[in-house]
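The residues making up each chain are set out below.
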Amino acid sequence: AIREEDDEVSVGLTRLFVNMASAYQPMILGQYDMDQYKLLEFALLPFTHPSFEVADRTLYFWMDIIDGSLRAQPGEWQSELLRRITPYIEQLVSKSLNHFVIPGEFFTE
């Protein structure tokens, strides 16, 4: 769907991934390593689609992940959790920037 740039199918797949990842949010933010960060990789996939309308379907999920990690029990676990998810947040920011376009007339004024 991403290669074919089919927005409707891509939005549907994005919803599926985000709903699944949201259901597993307690596990993603949990202390046991069960390879749960693969779900974060799936939630980044929509950002490779050329349409931001596909990618933006994941933003509420990412806000919940960030909020949940900041609300984790302060101390050693919160530091470890933030260390683990920071690379995914960095990818999110980087991939998001690919979708932002500054209008040409912005520079002519």
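As a reminder, the structure under discussion sits directly above these lines.
Residues numbered from 1 in each chain as written. Predicted model: local features only at pLDDT ≥ 70, side-chain atom pairs only at ≥ 80, totals over all residues. Heavy atoms only, no water.

### Considering the packing of helix H5 (residues 59–70) against helix H6 (residues 76–97)
Right, so step 1: One way to put it is that H5 packs onto H6 with a least axis distance of 10 Å and a crossing angle of 155 degrees. By the angle between their axes, H5 is roughly antiparallel relative to H6. Seen from above, H5 lies across H6 with left-handed handedness. Contacts between H5 and H6 involve Trp62, Ile65, Ile66, Ser69 and Leu70 from the former and Gln78, Leu81, Leu82, Ile85, Tyr88, Ile89 and Leu92 from the latter.
Right, so step 2: For the contact of H5 with H6, the per-class residue count stands at 10 nonpolar, 2 polar and no charged. (Axes fitted to C-alpha atoms, helices over the stretch in contact; angles between N-to-C directions. Helix = DSSP H or I, 4+ residues; strand = E, 2+ residues; numbered from the N terminus. Parallel < 35°, antiparallel > 145°, perpendicular 65-115°, else oblique. Left-handed = near helix turned anticlockwise from the far one by under 90°. Contact = heavy atoms within 4.5 Å. Nonpolar A, V, L, I, M, F, W, Y, C, P; charged D, E, K, R; others polar.)

### Things to note about the packing of aromatic side chains
Right, so step 1: Applying the stated criterion across every chain, the model contains 3 aromatic pairs.
Right, so step 2: Relative to Phe42, the ring of Phe17 lies with its centre 5.2 Å away and its plane at 10 degrees, an arrangement referred to as stacked. Taken as a pair, Phe17 in helix H1 (residues 7–23) and Phe42 in helix H3 (residues 38–44) lie far apart in primary sequence, 25 residues in all.
Right, so step 3: The exposure class of Phe17 is partly exposed, given its relative accessible area of 23%.
Right, so step 4: By relative accessible area, Phe42 is classed as partly exposed at 36%. (Phe/Tyr/Trp six-rings, centres within 6.5 Å; stacked < 30°, edge-to-face > 60°. Buried < 20%, exposed > 50% of the residue type's maximum accessible area, 1.4 Å probe, protein only.)

### Topic: the nonpolar core
Right, so step 1: Core analysis: the largest hydrophobic core is formed by 21 residues, its most contacted members being Tyr37, Leu40, Phe61, Trp62, Ile65 and Leu81.
Right, so step 2: Of all elements in the fold, only H1, H3, H5 and H6 reach the threshold of two or more residues within this core.
Right, so step 3: The element contributing the most residues to this core is H6, with 6 residues. (Core = buried A, V, L, I, M, F, W, Y, C linked by side-chain atoms within 4.5 Å.)

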